[in-house]
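Inside the fold
If you want the building blocks of each chain, they are given just below.
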Number of protein chains: 2
Amino acid sequence: MLYIGIDVGGTTAKAGVVDEAGQILYKSSCKTGIERDFEDIAADMAELCRHIVRESGHEMAEVAAVGVGIPGEQSPKTGLVAFCNNLGWVDVPLMQRLRDALGLPVYVDNDANVAALAESAFGASKDVSSSILITLGTGVGGGIVRDQRIHTGAHGVGGEIGHMVVVVDGEPCNCGHRGCWEKYASATAIIRMGRALMEEKPDCALARQMGGDAANLNAKAVLDLAKAGDADCAGIFETYVKYLCVGLANLINIYDPDMLVLGGGVAHAGNFLLDAVRAALGDYVYCPALSWARVELARMGNDAGIIGAAMLGRNV
Amino acid sequence: MLYIGIDVGGTTAKAGVVDEAGQILYKSSCKTGIERDFEDIAADMAELCRHIVRESGHEMAEVAAVGVGIPGEQSPKTGLVAFCNNLGWVDVPLMQRLRDALGLPVYVDNDANVAALAESAFGASKDVSSSILITLGTGVGGGIVRDQRIHTGAHGVGGEIGHMVVVVDGEPCNCGHRGCWEKYASATAIIRMGRALMEEKPDCALARQMGGDAANLNAKAVLDLAKAGDADCAGIFETYVKYLCVGLANLINIYDPDMLVLGGGVAHAGNFLLDAVRAALGDYVYCPALSWARVELARMGNDAGIIGAAMLGRNV
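As the structure is a prediction and not an experimental result, all values here were calculated from the model.

A few words on the relation of the copies chain B and chain A. With an RMSD of 0.0 Å, the operation that places chain B on chain A is a rotation of 180 degrees combined with a shift of 0.0 Å along the axis. Both copies of the chain, as the preceding transformation shows, are related through a two-fold rotation axis.

Right, dumping it as structure tokens:
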């Protein structure tokens, strides 16, 4: 059978026809955008599905299901998208609209969960039974997968690992709470520390590279300088790895998966990050005398969203 | 069939013959103690098992299995008790000794996990599929149960919820790390805050009740005064509930069980604690607009250790 996977973002929705082996046979996209009406977007997404199936040389009858990854939350109780902040969706019937338009089963889940499913099906964690993907980007997202199924828990609110509080009364988070892990383990946290460094030491290597303008700052610049041996940026990196490891150790001490998979922009630092995490993690787990999760880098790249979404329909 | 459950403590091991309905048909105990040789204790435990089966009016042939709850960790890899601090055990073959002596399958798990299993089999969480017991005592223990099985994870190191870090660089913990949840959500945390109050305000109600001697202090005294309306102790209680809820919300945001069950000494405060937690928890969960875990008090009492251990053998 074939599966359609849709990766919904703030400006476009990418969709692909995916086979059992996780190969994308054909993919295309349509516009989304917070300014557009939900019903118009839903209609475009349905049309996009018909289009990609046709262009792939197959027929709708060969498609078993449609899976959709959204940057928000589907309520398992109502079957509605409860919220999707960067599209302004509140309680919208995305699953119902696509199901009615296409006559296929439709499954909707959070985009980080969907990416975790893709890693588990065909990526870094394909050979283990339980894994947690941690996406280190603007925020920290993630998904828990066990036996090729996403663990979202009894009410569908689990797997929100980025909002685990690691510093009570710490940095304020967009979610309204304080001290969430993502305020310390995201690319944004590296940028915040880089800015503080530039203010404190206006003649440091980072400030010189940025032409003194903190607005130019990105996490990669800090990580590259740390890798090149700059002591200031290495200090930021060390602090970052510490907070990252505290959260990873919490996941181990609570859930104990076979594998932790690091993805997102910060994970583009590759072995520089991986080696540092592997070296430090033992200092933070509760039982260092026993075994714990392997740590690996994500492997699925940009199509993880489409492929993982497609697998929502396969791994029912 | 019948099951033997053994609850191993620092001074005694209590054992009971338990039926399918969770009733203890007969129970007795033998001495443990850090000063005693492991082999002697293991031999006494085996003899205790024979004794209670005889006294219950049954025969060994009717017993399906033996379950043991220990204040330590069994390594799933080696099958040895990796450590059991208050008995000084390191890599001891408890499972093997009892199996060889009794000719029965023997299952060993952490005592907090075992108590969680008892709640799930016959207590507060018996009607739900997934639950987490949180024991608020000298430390914070707990166990995750799903479909009547303990979730200890891929390497057997999960479910250590008390050592989830909620304050990076916070209070030092016995485990060697800093800022573990149990440093803020245990009875010990209430005592610490009570001591600080007595130092700061030597004429406060708590100090007067303790005769000015902080050595007399226990968590119940602080909780009772808070309940009676004393503003100072109510302040401690409020802080305590906040830290408790941060950790509970972390468990919801990560695992999302059907139910959170509060046990241990602090939970003897009953509805005073339960009402406060239920009222505050919504301020800490990531998605307050969606549903989340019910919070209940543990119901199994002192025999939870025996009954839960017995269920290790039933729910294989």
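Take helix α8 (residues 231-254) of chain B next. Residue and element names in this part refer to chain B. Spanning 24 residues, α8 covers 34 Å between terminal C-alpha atoms, matching the ideal 34 Å at 1.5 Å per step. Most of α8 is tucked away: 17 of the 24 residues are buried. Looking one or two residues past α8, Asp256 carries a phi angle of roughly 50 degrees, positive in sign.

What follows deals with the pattern of salt bridges. Residues and elements named next belong to chain A. Tallied over the full model, the rule gives 28 salt bridges over all chains. For Lys27, the salt bridge goes to Asp303, with nearest N and O atoms at 2.8 Å. With Lys27 in strand β3 (residues 24-31) and Asp303 in the loop between β13 (294-297) and α10 (304-314), this pair connects stretches of sequence that are 276 residues apart. On the accessibility criterion, Lys27 (44% relative accessible area) is partly exposed. The exposure class assigned to Asp303 is partly exposed, which follows from its relative accessible area of 23%. The shortest N-O distance in the salt bridge between Glu171 and Arg192 comes to 3.9 Å. Of this pair, Glu171 sits in the loop between β11 (149-150) and α4 (182-185) while Arg192 sits in helix α5 (residues 187-200), placing them 21 residues apart in sequence. On the accessibility criterion, Arg192 (27% relative accessible area) is partly exposed. Taken together, the shared-partner salt bridges in this structure form one network comprising Glu47, Arg50 and Arg54.

A few words on the interface of chain B and chain A. In this assembly, 49 residues from chain B lie in contact with 49 residues from chain A. Approximately 4100 Å² of surface area, both sides summed, lies buried where chain B meets chain A, with 61% of it carried by carbon and sulfur atoms. Where chain B meets chain A, there are two salt bridges. Here chain B is connected to chain A by 32 residue pairs in polar contact (both at pLDDT 80 or more). Of all the elements in the fold, those that place two or more residues in the side of chain B that touches chain A are β6 (81-84), β10 (140-146) and α8 of chain B. Counting residues per element, the side of chain B that touches chain A draws most heavily on α8(B), which supplies eight residues.

Rules of the game
- Residues numbered from 1 in each chain as written.
- Chains lettered and ligands numbered in written order.
- Predicted model: local features only at pLDDT ≥ 70, side-chain atom pairs only at ≥ 80, totals over all residues.
- Heavy atoms only, no water.
- Least-squares fit on C-alpha atoms with pLDDT ≥ 70 in both.
- Helix = DSSP H or I, 4+ residues; strand = E, 2+ residues; numbered from the N terminus.
- Expected span 1.5 Å × (residues − 1).
- Buried < 20%, exposed > 50% of the residue type's maximum accessible area, 1.4 Å probe, protein only.
- Salt bridge = Lys/Arg side-chain N within 4 Å of Asp/Glu carboxyl O.
- Contact = heavy atoms within 4.5 Å.
- Buried area = accessible area lost by both parts, 1.4 Å probe.
- Polar contact = N/O pair within 3.5 Å; in protein donor to acceptor, adjacent residues only side chain to side chain.

Purely geometric stuff here, so don't read any function into it on its own.
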